[in-house]
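Residues per chain, in single letters:
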Amino acid sequence: MNKKNCTLAMIFFSVSLFYAQEHQLKNITQLTFGGDNAEAYFSPNGKMLTMQVTNPALGAHCDQIFLYDLNQKPNEQNLHLASTGKGRTTCSFFMPDGKHILYASTHKSNDACPPKPSPRSDGKYLWPIYPEFDIFVADLNGKIVQQLTDNPGYDAEAVVSPDGKYIVFTSTRSGDLELWRMDIDGKNLKQLTFGLGYDGGAFFSHDSKKLVFRSSRPSTPEEIKEYKELYAQNLVAPTKMEIYTMNIDGSNMKQITHLGKANWSPYFHPSDKKILFSSNHHSTKGYDFQIYSIDVEGNNLKQITYESMFNAFPMFSPDGKKLAFSSNRNAAKPHDTNVFVADWVEADDKENVQTQQLQSSISYLASDALKGRLAGSEGEKKAADFIASKLKKLGLKTQILPFEYETKLNPHDDKSSVKINARNVVGYLDNKANKTIVIGAHFDHLGLNEHHHSTQMNSEGLIHNGADDNASGVATVLELARMFSQNKNKENVNVVFAFFSGEEDGLMGSKHWAEKIKTQYPNIISMINLDMVGRLDKDKNLTVGGVGTSPVFPNLIEKYKPAGVNIAVDNSGVGPSDHTSFYLKDIPVLFFFTGTHTDYHKPSDDEDKINYSGVKTITEYVFALANALAAEKEIPFTKTKIQEGKAVPKYKVTLGIMPSYADTKDGLHIDGVVDNRPAALAGIQQGDILKKIGNCEIKEVYTYMDCLSKINAGEEHTVVVIRDGKEIPLKVKF
């Protein structure tokens, strides 16, 4: 080990912080302990950081530049003022000699902190673009040795190329917020960007050939008008920015992210093939910024941080082994932002979810060529062969397991029973472990509605492709099979990837297979079921069922939740899908489900309506959870309250709704309404919350079934729903 690497390995010796999902960050160490500490960047030898700090306890009433000595034990005494202590500063960076720093400051204009923007009536968050900012060079004792800019308007956000030749900064000298380049001595100015909008926060690639930066590019007349109005007030709204790259001469500009919202503080990975950045694109509720990585082609988006609601300003150490970043985690006071350093752990690319694989599987399974994959049909056989072929290519021990069952084509006619010859498909990853997890999905659907399960009237003969139900779940399990079998890690658990047929006729395939599962594989510790995971909505609502079947589940479900996803927990081990078959064998189960919709069990459940970003997010979630389950010493089984009580009641009528199976407590949330059924005819709508049928109160799907069981055909009852916060009574004839 050379001397520099030895030093870097020794200087971080405080107690480190650990967060379950942050697999690429090891030995996370907190360096500052109060105030607002951000934009921490390494010195060329990796022994110091420069950062901007607002902390009245240190005499910094607005942003000032401090140096941090990484050779010392982390505490505030390691912070040493390196700016003048006057005005406001921003965006410091080490010069190539490591003996000087570069930063922008307003102190030449006024010793006082410039005022912050006044709060807006619409609450919009704004950044001030102080025209008094100029760029200075100072030694490590705070003595200014050079002023590099002296131009009216904003000059700031300066960084130095690794080869020491250039400085790139943001300036308003052209009449807009553009990126400019100058030589290291401030000469030979060159404008790099020219589009209307804020271009800033640039950093060089490690080979000094490219720049990565954030940009807001207003495009609509309304956006352009607002941008220009704010710019005239020396303000910018940083709520809509994307990440771009370009060559250092301004050529070959490329938009990397297309995520929406605010994507910013980008920095090149040591390979220069990936970029780390902060983003709130995932957020559906409130303020939430996390660090992500993405490759320079704009693919393989991967979440890096999960802890707290603010993580930003990632920067790698010169040797690429450590990452500095700012975060609200472990804050002593609300909204404190501190600087952290972690060992960087390189990810296994085989564990990146490949969206193209998900899309390829769903497109084939939901194609007209398979004619709806009815259990026992030729289309179902083609689907089974497709799944088996995929599993075999992954090197998994693969079986197609035939089974038989009978189903009634008319529930009121015993003579309408037909025999179905169906098949399950199983792939086994044998890690020689003493415990096993099952990850499963059903691959059959309704075919041409031969078994009369469609929710669309007169749909016999129409292909029901079932893209969401359940090509989405099958594609997810296939992708998980690829990730687990092809990665470099050998998990301390065996994994069975199971694909069931006959689910639409009553969980037939999973019932058949679950009968013998405990004798075929060592110590089944859990079953994870994915059924209809293709329609994650704009609010990212995901139902996770079976959470009450083991006491270890609630904590893990929350701990490994992807950013921005809103989890509705259903504790019951029974439900309308294949996990029920395993719960009834005393196996802890989890069930992932993005909800029913107006295309449920209709010919319109097609591939073009799949939310692939959502399927990717759920695949990542299940992968993390499965690994977490593998690490548990024990996963005890718990019977849930629904199972301990009475059996699911039989009922003689239907309302014609698609219920949410989440344990919501405030009523039955209606995910969809079937055309020409009692609910639709009475005016009940998707999104309503069902509270009462007659005098029978409803809290969730199980009390709903109880209420429905008490009604006879032909009866009329007042049904109460909540819509837009108001109770609405409606007359329903059953």
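Structure's up top.
Attention here is on the structure that accompanies the text. The written sequence of each chain sets the order in which its residues are numbered from 1. Local features are withheld for residues below a pLDDT of 70 in this predicted model, meaning they are given only at 70 or higher, and side-chain atom pairs are given and counted only at 80 or more; totals for whole chains, interfaces and linings count all residues. For the side-chain quantities, the full set of heavy atoms in the structure was used; hydrogens and water were omitted.

### Here's the deal with the overall build of the chain
Then, number 1: The secondary structure listing takes helices from DSSP runs of H or I that are at least 4 residues long and strands from runs of E that are at least 2 residues long, numbered from the N terminus. For the chain, the helix and strand inventory stands at 13 helices and 40 strands.
Then, number 2: If you line up the chain on its principal axes, its C-alpha atoms span 95 × 60 × 45 Å.
Then, number 3: Burial status across the chain gives 58% buried among its 734 residues.
Then, number 4: Pairs at least 24 residues apart make up 62% of the contacts formed inside the chain by residues separated by at least 6 positions.
Then, number 5: Residue exposure ignores everything except the shown protein chains as possible cover, and the areas themselves are Shrake-Rupley values with a 1.4 Å probe. Taken as a whole, the chain presents about 30,700 Å² of accessible surface, with 50% of it coming from carbon and sulfur.
Then, number 6: Positive charges come from Lys and Arg alone, negative charges from Asp and Glu alone, with His and the N- and C-terminal ends not counted. By convention, charge coordinates are those of NZ in Lys, CZ in Arg, CG in Asp, or CD in Glu. Of the side chains in the chain, 81 bear a positive and 88 a negative charge, and the two mean positions are spaced by 3 Å. Relative accessibility under 20% of the residue-type maximum defines a buried residue, over 50% an exposed one, and the middle range a partly exposed one, all with a 1.4 Å probe and only protein chains included. Throughout, a contact is declared for two residues whenever any of their heavy atoms are within 4.5 Å.

### Concerning the packing of aromatic side chains
Here a ring pair, both rings aromatic, is described through the centre-centre distance and the interplanar angle of the planes.
Then, number 1: We call Phe, Tyr and Trp rings a pair once their centres come within 6.5 Å, taking the six-membered ring for Trp, and we label the pair stacked below 30 degrees between planes, edge-to-face above 60, and tilted otherwise. Tallying each qualifying case throughout the model produces 31 aromatic pairs.
Then, number 2: Ring plane angle 80° and centroid distance 5.8 Å describe the contact between Phe 133 and Tyr 154, whose orientation is recorded as edge-to-face. Here Phe 133 is found in the loop between strand S8 (127-128) and strand S9 (134-139), whereas its partner Tyr 154 is found in the loop between strand S10 (144-147) and strand S11 (155-160), with 21 residues between them in sequence. Neither residue differs from the other here; Phe 133 and Tyr 154 are each classed as buried.
Then, number 3: Ring centres of Tyr 287 and Phe 310 lie 6.2 Å apart, and the angle between their planes is 10°; this geometry places the pair in the stacked category. Taken together, the residues span a long stretch of sequence, with Tyr 287 in the loop between strand S21 (274-279) and strand S22 (290-295) and Phe 310 in the loop between strand S23 (302-303) and strand S24 (311-316) at a distance of 23 residues.
Then, number 4: Take Phe 310: its relative accessible area is 8%, and that puts it in the buried class.
Then, number 5: Cluster of aromatic residues (ring-pair linked, three or more members): Trp 127, Tyr 198, Trp 264, Tyr 287, Phe 289, Phe 310 and Phe 313.
Then, number 6: Here, a charge over a ring is recorded when the distance from Lys NZ or Arg CZ to the ring centre is within 6 Å and its angle to the ring normal is within 35 degrees. Here Arg 181 stacks its cationic end above the ring of Tyr 166, 4.1 Å away from the centre of that ring.

### Structural notes on the packing of helix H4 (residues 378-393) against helix H5 (residues 467-486)
Then, number 1: Where helices are involved, their axes are fitted lines through C-alpha atoms of the stretch in contact, as for all axes, and angles between N-to-C directions lie from 0 to 180°. Where H4 contacts H5, the axes come no closer than 10 Å and their chain directions differ by 15°. The orientation of H4 relative to H5 falls into the category roughly parallel. Crossing hand, H4 versus H5: right-handed. For the pair H4 and H5, the contacting residues are Phe 386, Ile 387, Lys 390 and Leu 391 in the first and Val 474, Leu 478 and Ala 481 in the second.
Then, number 2: Basically, the charged four are Asp, Glu, Lys and Arg, the nonpolar ten are Ala, Val, Leu, Ile, Met, Phe, Trp, Tyr, Cys and Pro, and anything else, Gly included, counts as polar. In terms of residue class, the contact of H4 with H5 is built from 6 nonpolar, no polar and 1 charged. Any angle that falls under 35 degrees is termed roughly parallel, while one over 145 is termed roughly antiparallel, one within 65 to 115 roughly perpendicular, and all others oblique. Crossings are assigned a handedness: left-handed for a near helix turned anticlockwise from the far helix by less than a right angle, right-handed for a clockwise turn.

### Regarding helix H13 (residues 701-709)
Side chains three or four residues apart in an α-helix point the same way, a direct result of the helix having 3.6 residues per turn.
Then, number 1: With 9 of 9 residues buried, H13 lies mostly within the body of the structure.
Then, number 2: Taken together, the buried positions of H13 are Val 701, Tyr 702, Thr 703, Tyr 704, Met 705, Asp 706, Cys 707, Leu 708 and Ser 709.

### With respect to the state of the cysteines
Then, number 1: Count a disulfide wherever a pair of cysteine sulfur atoms falls within 2.5 Å. Scanning the model with the defined rule gives 2 disulfides in all.
Then, number 2: A sulfur-sulfur distance of 2.2 Å marks the disulfide that ties Cys 62 to Cys 113. Judged by the sign of its S-S torsion, about -95°, the bond between Cys 62 and Cys 113 is left-handed. Highlighted residues: Cys 62 in strand S4 (residues 60-69) and Cys 113 in the loop between strand S7 (100-105) and S8, separated in sequence by 51 residues.
Then, number 3: Here Cys 113 falls in the partly exposed class, since its relative accessible area comes to 37%.
Then, number 4: The residue that forms a disulfide with Cys 696 is Cys 707, at a sulfur-sulfur distance of 2.0 Å. Around the S-S axis, the bridge from Cys 696 to Cys 707 shows a dihedral of about -80° and counts as left-handed. With a gap of 11 residues between them, Cys 696 in strand S38 (residues 696-697) and Cys 707 in helix H13 connect regions that are remote in the sequence.

### Remarks on unusual backbone geometry
Then, number 1: Cis rather than trans, the peptide bond between Asp 469 and Asn 470 has omega equal to 5°.
Then, number 2: Summarising the element assignment, Asn 470 is placed in helix H5.
Then, number 3: Phi at Ser 265 is positive, roughly 40°, even though this residue is not glycine.
Then, number 4: Relative to the helices and strands, Ser 265 resides in strand S20 (residues 263-268).

### Focus on the sheet that holds strand S14 (residues 190-191)
Then, number 1: Note on pairing: two strands pair once DSSP finds at least 2 bridges between them. An order of S11-S12-S13-S14 is seen for the 4 strands of this open sheet, with the pairing classed as antiparallel. Strand pairing shows two members of the sheet lacking a second neighbour, S11 and S14, which therefore form its edges.
Then, number 2: Strand direction decides the pairing type here: S11 and strand S12 (residues 166-171), joined by 4 bridges, are antiparallel. Of the residues in S12, the one forming a bridge with Ala 156 is Thr 170.

### Notes on the nonpolar core
Then, number 1: In this text, buried Ala, Val, Leu, Ile, Met, Phe, Trp, Tyr and Cys residues form a nonpolar core when linked through side-chain atoms within 4.5 Å. With 83 residues, the main nonpolar core has Leu 49, Leu 102 and Trp 264 as its most contacted residues.
Then, number 2: Of the residues forming this core, the biggest block, 5 residues, is contributed by strand S26 (residues 338-344).
Then, number 3: In contact with Leu 102, other than residues within four places in its own chain, are Cys 91, Ser 92, Phe 93, Met 95, Ile 135, Phe 136, Val 137, Leu 148, Ala 158, Val 159, Val 160 and Ile 167.
Then, number 4: Judged by nonpolar contacts, the second largest core, of 65 residues, contains Leu 358, Ile 387, Leu 478 and Ile 528.

### Describing the pairing of strand S30 (residues 494-500)
Then, number 1: Of all 7 residues that make up S30, 7 are buried, and the element is covered over most of its length.
Then, number 2: Neither face of S30 is exposed, since Asn 494, Val 496, Ala 498 and Phe 500 on one face and Val 495, Phe 497 and Phe 499 on the opposite face are all buried.
Then, number 3: In this sheet, S30 lies alongside strand S28 (residues 417-429) in antiparallel orientation, the contact comprising 5 bridges. Bridging across to S30, Gly 427 finds its partner in Phe 497.
Then, number 4: Bridge analysis of strand S29 (residues 436-442) against S30 gives 7 bridges, and the strand direction is parallel. In the sheet register, Ala 441 faces S30, and the bridge partner there is Phe 499.
Then, number 5: In this fold, S29 hands off to H5, which returns the chain to S30; that crossover is right-handed. With the strands pointing away from the viewer, any crossover whose connection runs clockwise from the first strand over the helix to the second is right-handed.

### Focus: the packing of helix H3 (residues 355-365) against helix H10 (residues 612-631)
Then, number 1: In the contact formed by H3 and H10, the axes pass within 10 Å of each other and the chain directions differ by 110°. Regarding the angle of H3 to H10, the classification is roughly perpendicular. The interaxial crossing formed by H3 with H10 has right-handed handedness. Across the interface between the two elements, Thr 355, Leu 358, Gln 359, Ile 362 and Ser 363 of H3 pack against Tyr 612, Val 615, Lys 616 and Thr 619 of H10.
Then, number 2: Residue classes in the contact of H3 with H10 are distributed as 4 nonpolar, 4 polar and 1 charged.

### Structural notes on the environment of Pro 729
Then, number 1: Position of Pro 729 among the secondary structure elements: in strand S40 (residues 726-733).
Then, number 2: Of the residues examined, Pro 729 reaches a relative accessible area of 57% and is grouped as exposed.
Then, number 3: As for Pro 729 and Tyr 103, which are separated by 626 residues in sequence, their C-alpha atoms are 65 Å apart.
Then, number 4: Leaving out residues up to four positions away in the same chain, Pro 729 has contacts with Thr 718, Val 719 and Val 720.

### Comments concerning the sheet that holds strand S25 (residues 322-327)
Remark on secondary structure: sheet strands pair via backbone hydrogen bonds, oriented parallel or antiparallel.
Then, number 1: Reading across the sheet, the 4 strands line up as S1-S26-S25-S24 and stay open at both edges, with antiparallel pairing between neighbours. In this open sheet, the two edge strands, each paired with only one partner strand, are strand S1 (25-30) and S24. Mean inter-strand twist for the sheet, computed between neighbouring axes without regard to direction, equals 25°.

### Considerations on the environment of Ser 215
Then, number 1: Residue placement: Ser 215 occurs in strand S16 (residues 210-216).
Then, number 2: Look past the residues within four positions of Ser 215 in its chain and what remains in contact with it is Tyr 198, Asp 199, Lys 240, Met 241, Glu 242 and Tyr 244.
Then, number 3: Of note is the side chain of Ser 215, whose polar atom sits 2.9 Å from the side chain of Arg 217. Distance and chemistry together define a polar contact, namely a pair of N or O atoms within 3.5 Å, with one atom able to donate a hydrogen and the other to accept it when in protein, and with adjacent residues in sequence counting only for side-chain atoms on both sides.

### Description of the pattern of salt bridges
Then, number 1: Should a side-chain nitrogen of Lys or Arg be within 4 Å of a carboxyl oxygen of Asp or Glu, the pair is scored as a salt bridge. Considering all chains together, one arrives at 23 salt bridges under this definition.
Then, number 2: Across the pair Asp 343 and Lys 322 runs a salt bridge whose closest N-O atoms are separated by 2.3 Å. Residue Asp 343 is located in strand S26, and its partner Lys 322 is located in strand S25; the two are separated by 21 residues in the primary sequence.
Then, number 3: For Lys 322, a relative accessible area of 7% corresponds to the buried category.
Then, number 4: Connected via shared salt-bridge partners are Arg 535, Asp 599, Asp 605 and Lys 609.

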